[in-house]
Amino acid sequence: GSRAAAGRVFEGVAAARDVVLAAADRLGEVDAVAGDGDHGIGMSRGLRAAADAAAEAAGAGAGAGTTLVRSGEAWAEGAGGTSGALWGAALTAAGSALGDDAAPGSTEVVRAVRAGVDAVLRLGGARPGDKTMVDALVPFVETLEAGAGGGDGTDDALDRWRSAARAAADAAAATAGTSASLGRARTHGDRSVGTPDAGALSFGLVVRAVTGDLAP
Ligand code: ADP
Ligand code: MG
Ligand code: MG
């Protein structure tokens, strides 16, 4: 039912929070190479607020979509920074697209992810290759969409999510070989070459953590 789906949203956000809290120092160090070093702090604040909001919404009987929307609003407010605004926009768009149907299927989930990615593309204006989180978001959603239409069982959907999450993490690691062209990092020129983008790295962590099989 919708309560079960909202509970799964909370569990996913809480798992992401725990993994990101454990990786916060590293995310800050990576952001410090060509940015301002606050990415671990921002992601920790955002995910703490998002998980608290998800617990409250799910506990009050909200559906999965509304629970995601509340998480996104809390994330943007709690985190600040560029990534906080983008994650907030992504989760609110994804939650609106998902809706509060009792048992959303994998087709609805993929559509929701696409809505979240499109919100980031629209709001941030980055494109693949600019060395931002977009470099991980795009392969994530494209891998999910390529698998759509496969088996609709929960295990099939989970397998596809895991493949997409691996693609995102691989793409995030590969940003180390690229040079930043947007945002704060741009002003530091090629200093970022050899270091991955912090926001792409944390995106890979989040999507791998939400299925519960990445230990903090
Ligand atoms: P801030 O840059 O405000 O300090 P964070 O350090 O939390 O915010 O986040 C930085 C990350 O945000 C970058 O590593 C990058 O992945 C992402 N980012 C920055 N600008 C954009 C943009 N225009 N579009 C998409 N992602 C962006
Ligand atoms: Mg920063
Ligand atoms: Mg900052």
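- The chain has the name Dihydroxyacetone kinase family protein in an unreviewed UniProt entry, where Pseudokineococcus basanitobsidens is given as its organism.

1. Structural notes on the overall build of the chain
Here is step 1 of the chain: Scanning the chain for helices and strands turns up nine helices and zero strands.
Here is step 2 of the chain: The order of helices and strands in the chain, counted from the N terminus, is α-α-α-α-α-α-α-α-α.
Here is step 3 of the chain: Relative to the compact-globule value of 17 Å for 216 residues, the chain shows a C-alpha radius of gyration of 16 Å, a close match.
Here is step 4 of the chain: The buried share among the 216 residues of the chain stands at 54%.

2. Examining the site of ligand 1
Here is step 1 of the chain: The full set close to ligand 1 counts 24 residues, and Gly 81, Ser 83, Gly 124, Ala 126 and Gly 199 are the nearest of them.
Here is step 2 of the chain: Secondary structure elements with two or more residues in the shell around ligand 1: α2 (39-59), α4 (81-98), α5 (106-124), α8 (183-186) and α9 (198-209).
Here is step 3 of the chain: No other element matches the four residues that α4 contributes to the shell around ligand 1.
Here is step 4 of the chain: Looking at side-chain class alone, the shell around ligand 1 contains eight nonpolar, eleven polar and five charged residues.

3. Quick word on helix α6 (residues 134-147)
Here is step 1 of the chain: For α6, spanning 14 residues, the distance from its first C-alpha to its last is 20 Å, which sits close to the expected 20 Å at 1.5 Å a residue.
Here is step 2 of the chain: Where α6 is buried, its residues contact α5, α7 (154-174) and α9.
Here is step 3 of the chain: Looking one or two residues beyond α6, the residue adopting positive phi is Gly 149, at roughly 95 degrees.

Parameters at a glance
In every chain, residue numbers begin from 1 and rise along the written sequence. Here every chain gets a letter starting at A, and every ligand a number starting at 1, in the order they are written. Given that this is a predicted model, residues contribute local features only at a pLDDT of at least 70 and side-chain atom pairs are listed and counted only at 80 or more, while totals for whole chains, interfaces and linings are drawn from all residues. Here a helix means four or more residues in a row that DSSP labels H or I, a strand means two or more in a row labelled E, and each is numbered from the N terminus. Radius of gyration here is computed from C-alpha atoms only, and the compact-globule reference equals 2.2 Å multiplied by the residue count raised to the power 0.38. Buried means a residue has 20 or more other C-beta atoms within 10 Å of its own C-beta, exposed means 12 or fewer, and partly exposed covers the counts in between; C-beta atoms are placed from the backbone. We call a residue near a molecule or strand when its C-beta atom, built from the backbone, sits within 6 Å of it. Each residue gets one of three labels, nonpolar for Ala, Val, Leu, Ile, Met, Phe, Trp, Tyr, Cys and Pro, charged for Asp, Glu, Lys and Arg, and polar for the others, Gly among them. Each helix should span, by expectation, one fewer than its residue count multiplied by 1.5 Å. Throughout, a pair of residues is in contact if the C-beta atoms placed from their backbones lie within 7 Å.

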